Amino acid sequence: MRIDKYLKASRIIKRRTVAKEACEQGKVSINGKTAKPGDEVKVGDVIVVSFGSGEMKLEVLDLKESVGKDQADSLYKVL
């Protein structure tokens, strides 16, 4: 699954266009490497997303195209 699509599906970032822009600005990395919007995410990957003054580090647990709001946090584990 593409990183921009995963960030939107897991509701870490609200919109896919915003997730794409974050990747293009170098604010997202997968396993320590800066991510492009089309980079593939696999189960077990570690993603770091930089927000303003802080950052969020998480591990990918599951890949699903769409999930409900209450199940979105089951796709990742915060590290």
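Here, the structure is the one placed above.
The notes below deal with the structure included here. Sequence order as written defines residue numbering, which begins from 1 separately in each chain. For this predicted model, a pLDDT threshold of at least 70 governs which residues receive local features, and a threshold of 80 or more governs which side-chain atom pairs are given and counted, while totals over whole chains, interfaces and linings are taken from all residues. Hydrogens and water molecules were not included; the side-chain quantities draw on all heavy atoms of the structure.

It is worth spelling out the sheet that holds strand β4 (residues 54–60) at this point. Two strands qualify as a pair provided DSSP detects at least 2 bridges between them. Secondary structure is summarised from DSSP: a helix means a run of H or I of at least four residues, a strand means a run of E of at least two, and numbering begins at the N terminus for each. Spatial ordering of the open sheet is given by β2-β1-β3-β4-β5, a layout of five strands whose pairing is antiparallel. Two strands close off the open sheet at either side, each with one partner strand: β2 (33–34) and β5 (76–78). In this structure, strand β1 (residues 28–30) lies alongside β2, joined through two bridges in antiparallel fashion. If you follow I30 over to β2, its bridge partner there is K33.

Moving on, we come to helix α2 (residues 16–24). Among all positions in α2, only A19, A22 and C23 are buried. The buried side chains of α2 occupy one side of the element, clustering within an arc of 100° when seen end-on. Exposed residues on α2 whose side chains face more than 90 degrees from its buried face are T17 and E24. We call two residues in contact whenever any of their non-hydrogen atoms come within 4.5 Å of each other. Among the structural elements, α1 (3–9) and β1 are those in contact with the buried residues of α2. Residue exposure (1.4 Å probe, protein chains only): buried if accessible area is under 20% of the type maximum, exposed if over 50%, otherwise partly exposed. The arc in question is the one spanned by the directions pointing from the helix axis to the C-beta atoms.

In this structure, R11 takes a positive phi of about 60° despite not being glycine. You can see R11 is positioned in the loop between α1 and α2. The backbone phi angle of N31 is positive, close to 50°, even though this residue is not glycine. By the element assignment, N31 lies in the loop between β1 and β2. Note on N31: relative accessible area 49%, which makes it partly exposed.

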